[in-house]
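# Architecture and fold: a report
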Amino acid sequence: MILEQNQSFKFIEWIDSSMIIRKINPLKGNEPVIGLDISKIEYRKDEWLKHSKDSSTNITPWAKLTQGGDAFLVDVPVFFKDKFQGTITAGMDFEKNLDDFAYNMQDYGIQITDGKGSVFYNHNTVLEDNLTLDYHYSSTLTIDQLDMQVWDITVTPTSSSFFLDKSTSLLNMLYFGIVLSTLMSLIIYFYLIAKKEAKRTIAINEELTKTNKKLYKERNRAEKASQAKTAFLSNMSHEIRTPLNAILGFIQLLKHNNLKDTNQAYLDLMDKSSKNLLALVDDVLDIDKIESQETKLNNVSFKPSEELKAIVSQYASDYKEKNLYLNLEFSAYQNTTVIGDEGKYNQIIINLLKNALKFTGTGGVHIRYKEHLDNKILKVCINIKDTGIGIPKENLSRIFERFTQIDFGLKKKHSGSGLGLYISKSLAKLMGGNITVESELEVGSEFIFKIPFPISETIKENEVSLNLSTEVLERIKVLIVDDNKINRLVLTKILEQLGITPDEANNGEEAIDKATHNDYQLILMDIHMPVINGYEATKKIRNTNKDILIIGLSANVTKEAISQSLNVGMNDYLTKPLSKQKLITLLNHYFSKR
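Throughout what follows, the structure given in this document is the object of discussion. Note that the structure is a prediction, hence the values are computed from the model and not measured.

Turning next to the pattern of salt bridges. Taken as a whole, this structure holds 13 salt bridges when the rule is applied. Measuring nitrogen to oxygen at the nearest pair gives 3.9 Å for the salt bridge that ties glutamate 207 to lysine 210. A residue pair is termed a helical-turn pair when its members lie 3 or 4 positions apart in one helix, as glutamate 207 and lysine 210 do in helix H6 (residues 166–254) at 3 residues. Taking relative accessible area as the criterion, glutamate 207 reaches 47% and is therefore assigned partly exposed. Between arginine 488 and glutamate 504 there is a salt bridge, and its shortest N-O distance comes to 3.0 Å.

Here the bond from asparagine 25 into proline 26 is cis, since omega is 0°, no more than 30 degrees from zero. Mapped onto the elements of the fold, proline 26 is located in the loop between strand E2 (21–25) and helix H2 (42–54). Positive phi values are uncommon outside glycine, yet asparagine 375 reaches one of about 55°. With respect to the secondary-structure elements, asparagine 375 resides in the loop between strand E14 (364–374) and strand E15 (377–386). Phi is positive for glutamate 442, which is not a glycine, with a value near 65°. Examined against the element boundaries, glutamate 442 turns out to sit in the loop between strand E16 (434–440) and strand E17 (444–454). Among the residues examined, glutamate 442 registers a relative accessible area of 63% and is labelled exposed.

Attention shifts here to the side chain of threonine 113. Structurally, the position occupied by threonine 113 is in strand E7 (residues 108–113). Among the residues examined, threonine 113 registers a relative accessible area of 11% and is labelled buried.

Taking burial as the measure, the 10 residues of E15 include 7 buried ones, the bulk of the element. Bridging between E14 and E15 involves 10 bridges; their strand directions are antiparallel. Paired with isoleucine 367 across the two strands is isoleucine 384, which belongs to E15. Between E14 and E15, which pair antiparallel and follow one another directly, the connecting turn spans 2 residues, one of which, asparagine 375, has a positive phi of 55°.

The rules behind each value
Residues numbered from 1 in each chain as written. Predicted model: local features only at pLDDT ≥ 70, side-chain atom pairs only at ≥ 80, totals over all residues. Heavy atoms only, no water. Salt bridge = Lys/Arg side-chain N within 4 Å of Asp/Glu carboxyl O. Helix = DSSP H or I, 4+ residues; strand = E, 2+ residues; numbered from the N terminus. Buried < 20%, exposed > 50% of the residue type's maximum accessible area, 1.4 Å probe, protein only. Pairing = 2+ DSSP bridges.

Right under this line is the structure:
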């Protein structure tokens, strides 16, 4: 880049602190100087060292080059972390610049010499006789203060025409001499400016180094904050999910009993409230996964239209309780089976339906479903139109931002965390789709959810049922390891309903002892326990038993917890609350072929 800036530069080279030339550009034609020790060159050593100690730029006299030719060598010292590293050195020749200037000076000779009398520029022939007369112009320019390096400029007439009109010719010669001196002064001036800019660049680099150090510290702080956030979410997830696991477990057990209608209604309310709390915890964790780009798609075969029907059926009673209609219209669809993330697809629709329910007081919601097949891609479009309060125009652009709600303050009418729409749009984009909204205040809102799915020939199975015979179930010996008595009780009752009578252990140490003296086929291992935690207990059990099936069971849903569980030897990892359906799926998967 430097070579391209000015034709005076012949080459740029790097001389390290040991005075060895390590690199040069261009290399072609300059190969002989690679590895050259300039301390062995008489005119170079002393000046180079003196200017290195002084931190100033050095300009040598006009010099013969090892690779051939002549040039001025300009050394710029380089320091890093207050330590001298060597010099960036340029070979310079001003002949082309000066030729361009002197092109029209045919009647004059120009000669420029360095401080040692070496001529480094000649234009025409300088008449020696005229140097003894008054018919010449001369000037001396100081190039290097430290070495008192000077250049001498001389301009003389070269033809007899000079003497025919001495007055005019003298004026011309004086004019050209002054211009030439000015040109050379400008060359020196720009050199000094470059030197000043070099110092400024060094200062900027020092500031940049300081800034980079600050950025490095800030990055470390951000990483520590991220780790702290992950730890906080992990702990809070565990602390909240653990009691929720017990509550939801008991609700499942009680639903199988014959209760009075009033008690059944209370139980349904408990079930709904617990699931709402669990959904809130899941929302917070979803945001963490989305923003840390850890959300993964779990692709399975399913029918989008059937899933929508099931969800609408599930929420019909909620709409009926508020005297709202919930209509579902199918247009141009063939009940196509696709490959995609069924859970996230359902989560988006549920969020949009719950949002519509929350903000609609009268009227209801109309859902329109469309399918369009385009080159083996099923393009699904779902319109969810409500007759609710609508969204102010000033809020439309930010309705999908996290923690955004259209009403707030002490008189806030609608509860919620303001996370549902943000999560829904993020998940839609992750799956290649999008969600948009149209709304009019006091008239209603219409959310348009569009998403593409590859089609699949695989038909989705119905709800998972237990495929194991009573004989197989009776042979399965299970150990439940959990320090929470309620959690153990819930799991025990669910397993008993499936025909399995499990053993229990309330910490890792007890689990190790029981696993040593009993022939278990399955251990459901909690992670966070006193005495010995689930990780350590698994490691010790694996030392003596490589075949036993160990399933991690915890309220911690972070990626780190799952990875660590598998790394210590667990076969799988399930999150609390553990439903009966999850247990059935687990047993079918691991014991159907045994």
